[in-house]
Amino acid sequence: MKTTKPIDVIVFDGVLLILFAGLAIVGTQYQPMARELPLPISIIGAVLVFILLLTDLFRPVNRALPFVYRKGIGTGGRTANERQEHAGETVEGQQDGLAAREWLRILRLVCWLAMLVIAMQWIGYLAASGCFVFLVTWLEGRLKWWHSLISALGTVCFFYVIFNLFLSVTF
Amino acid sequence: MYQHLLPAMGTFFAWPAPLFLMVGVLVGMLFGILPGLGGPQVLALLTPLTYKMDPTSAIVMMIGAMSAIPLSGSLAAILLNLPGHAPSVASSFDGYPLTRQGKGGYAVGASAMSAILAAVIGSVILTLVLPVGEKVVLAFSFPEFFMMALAGLSMVAVISRQGSLWKGMITVALGLMIAFIGSDPVTGTTRFTFGNLYLYDGINIVPALIGLFAVSEGISMLLQGGKLTEGAPANAHLRGVWAGMKSVFQNFGVFIRSNLIGTFMGMIPGVGGAITTIVAYGQAVQSSKHPERFGQGEVAGVIAPEAANNSKDASGFIPTLIFGIPSHIEMAVLLGTLTVLGINPGPRLMQTDPDKILMVIYALVAGNVITAAIVLLTGGYLTKLALVSKPLLAPIIFALSIVGAYALAGKTGDVVVALTFGVLGFIMDRFGFPKINLVIPLMVGGLMETSFNQTLLAMGWQGFFTRPISLALFVVVLLILFFSFRSGRATRVVNSQARSKAGGVHEDNQAD
């Protein structure tokens, strides 16, 4: 089946639908006053996402419900970054989704960040931040090792001055 | 409030507040020039640094950073045709053609003078309006606050610079559901926590904002790679600055009209700088005797967006400080910071902390003046900052975000929130879900629910429809939703101004 949108866009719609539906189901269990707003909003959210999912899945639905992709007031000029980010758009506002390679890269970045959090607990935030900046700029950013080292040392010094000397934060 | 004007001035100039104002301005300028980084990012990253500072220093630093963003962003837009953030886009329409004609200094001078004057006028209006607003807000009770929040969210849902109206509404619903996590304000029932103790107090807004703006931008930068700009830096020496400054007075009609547009639109939740500057530019074109000159290097095309952009910051404080409803994304982040500092914007703020409000106003004016002075003194040298490579910057942003989130309370949960919202923010950017539609409901969700439940308890359902202000606000909500879905006419009006009058020219510039 050929869908209107790329598979990752549809997966994201699906995740949102499950989230809203799950919150609606859980919301029914609370006492009336505690669910007075959450329940209707989660149901409305689920309905909105369901319609979005249908339009993203099926071209005839997409054509039949043009209001789903009607632009918000104020969609105008783009910034330099947005120009770069949206370079792959086909039709205005219809993103191509992310390539599998990009998703893997995001996953890798999340792993790096999770390692930073774990390392902060073990070796302290200063050493962890230094190692993180060095490794990520060197391995992910493909910078020269000594550029990475300088930026890591600079970051450590900056953090020490700000968090230890200036803010006296105890981690 | 007026009796506090002079004492607050004394506090504002007391050491170390001026130092922190300077620090804020410098950091704000850095973020303003670097493409992709702007007001929300700088405020989100600065917030963890403020929580051990005294409130005055923290406020002036944050406002200093916020006030430096528009002008420094416009500097890159004018000299490099590199609008780093959305509100600066309109400044490049005529600013960059002027630079190409060798009149970059002239455009920067006009931009700087517009920024200073707009900030001064905006701050005067803010000072005059706030006490009046205080009287208005005293007529508000729970139904009015609920309807006010609902009207704000409706505006946010339909006025979206990114994505579709439908996605805007989904994002508002998502933001509200996230805001409902934790204890119910009236019954105390814990909701959507799934047994997780961290969630009992709800999602901490500051790490969420750090994730949404800083971490997501870091991910985006690292995926893109390369330098922030591939172009050559601008000519460092600027000529004709003084003539440019005088040009604002020669085009004072355009300036005032744009200032009024900025002041008015700045108060409407969700509008933000991007739409405001485009509308101001469109107005300048339409009211000009020589519309054909726009896009070719007409200085009024620089003055209009600058005046609107800088005045909207001042007027944006009106709903933010009086009602606790942020008018645009920077205000939402700032609201989070104020909460961290123990300052609760809302109807009582003017009675409890009038000096803090005045501090905001003074810092706004001083921040703009200092930014303009630095821009005019350093000129094109600042644009060399845009040559920083993204893979170098992104890990530092990551580290600062994670350490900042952790420094707030030493909770790993805050870091997890920052990471989760970082990935969510990146996906939202890529799939066209506007982030502001998530942030504003996060901020006003609590107010909305409390007002809703209190109204039901005290007055029942009829409480919403029997009080005149509440009923009027309800009609506003209906009108907003009706007109937004009627035919998309408003979209076409704004977009036609952006594209046919200016965007076309802008795209030509891009092609050059």
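Residues numbered from 1 in each chain as written. Chains lettered and ligands numbered in written order. Predicted model: local features only at pLDDT ≥ 70, side-chain atom pairs only at ≥ 80, totals over all residues. Heavy atoms only, no water.

1. Topic: the overall build of chain B
In step 1: Tallying secondary structure elements over chain B gives 23 helices and two strands in all.
In step 2: Out of the 512 residues in chain B, the part that is buried amounts to 68%.
In step 3: Residue pairs at least 24 apart in sequence account for 79% of intrachain contacts in chain B once pairs closer than 6 positions are excluded.
In step 4: When the accessible surface of chain B is split by element, carbon and sulfur atoms take 66% of a total near 16300 Å². (Helix = DSSP H or I, 4+ residues; strand = E, 2+ residues; numbered from the N terminus. Buried < 20%, exposed > 50% of the residue type's maximum accessible area, 1.4 Å probe, protein only. Contact = heavy atoms within 4.5 Å. Areas by Shrake-Rupley, 256 points an atom, 1.4 Å probe, with all protein chains shown as cover.)

2. Focus on the overall build of chain A
In step 1: When helices and strands are tallied, chain A shows eight helices and zero strands.
In step 2: Listing the helices and strands of chain A from first to last along the sequence gives α-α-α-α-α-α-α-α.
In step 3: Relative to its 171 residues, chain A shows a buried fraction of 48%.

3. Quick notes on the packing of helix H4 (residues 55-80) of chain B against helix H6 (residues 104-138) of chain B
Residue and element names in this part refer to chain B.
In step 1: Packing of H4 against H6 brings their axes to within 10 Å, and their N-to-C directions diverge by 160 degrees. It follows that H4 is roughly antiparallel to H6 by the angle criterion. In the crossing of H4 with H6, the sense of the turn from one axis to the other is right-handed. Residues Leu-71, Ser-74, Leu-75, Ile-78 and Leu-79 of H4 touch H6, and the partners they reach there are Gly-104, Ala-107, Val-108, Ser-111, Ala-112 and Ala-115.
In step 2: When its residues are assigned to classes, the contact of H4 with H6 shows eight nonpolar, three polar and no charged. (Axes fitted to C-alpha atoms, helices over the stretch in contact; angles between N-to-C directions. Parallel < 35°, antiparallel > 145°, perpendicular 65-115°, else oblique. Left-handed = near helix turned anticlockwise from the far one by under 90°. Nonpolar A, V, L, I, M, F, W, Y, C, P; charged D, E, K, R; others polar.)

4. Thoughts on unusual backbone geometry
In step 1: Across the junction of Trp15(B) and Pro16(B), the peptide omega takes the value 10 degrees, indicating a cis bond.
In step 2: Backbone geometry places Arg142(A), a non-glycine residue, at a positive phi of 55 degrees.
In step 3: Its location among the elements puts Arg142(A) in the loop between helix H7 (125-140) and helix H8 (145-166).
In step 4: If you check the backbone angles, Phe194(B) has positive phi at about 50 degrees while not being a glycine.
In step 5: Here Phe194(B) is to be found in the loop between strand S2 (190-191) and helix H9 (205-224).

5. Some points on the state of the cysteines
Residues and elements named next belong to chain A.
In step 1: Under the counting rule described, the total for this entry stands at zero disulfides over all chains.
In step 2: For the unlinked cysteine Cys-111, the closest cysteine sulfur is that of Cys-131, found at 17 Å.
In step 3: With relative accessibility at 44%, the residue Cys-111 sits in the partly exposed group.
In step 4: Of the cysteine sulfurs around Cys-157, a residue in no disulfide, the closest is that of Cys-131, at 14 Å. (Disulfide = S-S within 2.5 Å.)

6. Remarks on the pattern of salt bridges
Residues and elements named next belong to chain A.
In step 1: Enumeration according to the criterion identifies nine salt bridges over all chains in this entry.
In step 2: Two residues, Arg-105 and Glu-140, come together in a salt bridge whose shortest N-O distance is 3.4 Å. Of this pair, Arg-105 sits in helix H6 (residues 100-123) while Glu-140 is found in helix H7, placing the two residues 35 residues apart along the sequence.
In step 3: By relative accessible area, Glu-140 is classed as buried at 6%.
In step 4: Note that Arg-108 is salt-bridged to Glu-140, the shortest N-O span being 2.8 Å. Of this pair, Arg-108 sits in helix H6 while Glu-140 sits in helix H7, placing them 32 residues apart in sequence.
In step 5: What emerges from the salt-bridge pattern is a single network uniting Arg-105, Arg-108 and Glu-140. (Salt bridge = Lys/Arg side-chain N within 4 Å of Asp/Glu carboxyl O.)

7. With respect to a nonpolar patch on the surface
All names here are of chain A.
In step 1: A cluster of nonpolar residues, Trp-138, Leu-139, Trp-145, Trp-146, Leu-149, Ile-150 and Leu-153, forms a patch on the protein surface that exposes about 730 Å² of accessible area.
In step 2: Of all the secondary-structure elements, those providing two or more residues to the nonpolar patch are H7 and H8.
In step 3: With five residues, the top contributor of residues to the nonpolar patch is H8.
In step 4: The residue Leu-149 is located in helix H8 in this model.
In step 5: Under the relative-accessibility criterion, Leu-149 is labelled partly exposed at 35%. (Patch = residues over 30% accessible without salt bridge, like charges linked within 9 Å, V, L, I, M, F, W, Y side chains within 5 Å.)

8. Observations concerning the environment of Leu98(A)
Residue and element names in this part refer to chain A.
In step 1: When you line up the elements, Leu-98 lands in the loop between helix H5 (80-85) and H6.
In step 2: By relative accessible area, Leu-98 is classed as buried at 8%.
In step 3: Sequence separation of Leu-98 and Phe-12 is 86 residues, and the distance between their C-alpha atoms is 12 Å.

9. Observations regarding the nonpolar core
In step 1: Judged by nonpolar contacts, the single largest core of 164 residues is most densely connected at Phe132(A), Phe163(A), Ile170(B), Phe317(B) and Phe421(B).
In step 2: Ranked by residue count, the leading element in this core is H9(B), at 13 residues.
In step 3: Within the second largest apolar cluster, 30 residues are counted, among which are Met29(B), Ile33(B), Ala68(B) and Ile303(B). (Core = buried A, V, L, I, M, F, W, Y, C linked by side-chain atoms within 4.5 Å.)

10. Considerations on the packing of aromatic side chains
In step 1: Across all of its chains, the model carries 18 aromatic pairs over all chains by this definition.
In step 2: The interplanar angle of 85 degrees and the centroid separation of 5.4 Å between the aromatic rings of Tyr30(A) and Phe192(B) together place this pair among those described as edge-to-face. One end of the pair, Tyr30(A), is in the loop between helix H1 (7-27) and helix H2 (32-35); the other, Phe192(B), is in the loop between S2 and H9, on a second chain.
In step 3: Judged by centre distance (6.3 Å) and plane angle (65 degrees), the rings of Phe464(B) and Phe465(B) are edge-to-face.
In step 4: In this structure Phe465(B) comes out as partly exposed when scored by relative accessible area, which is 38%. (Phe/Tyr/Trp six-rings, centres within 6.5 Å; stacked < 30°, edge-to-face > 60°.)

11. Let's talk about the confidence of the model for chain B
All names here are of chain B.
In step 1: Chain-level pLDDT for chain B is 80 on average; 88% of the residues reach the 70-or-more range.
In step 2: Throughout residues 489-495 the model reports pLDDT below 50, and contacts reaching past four residues in sequence, or to other chains, amount to 14 contacts.
In step 3: In the predicted structure, residues 497-512 sits below a pLDDT of 50 and forms 33 contacts with residues beyond four places in sequence or in another chain.
In step 4: Two numbers describe this predicted complex: its pTM, 0.79, and its ipTM, 0.86. (pLDDT = per-residue confidence, 0-100.)

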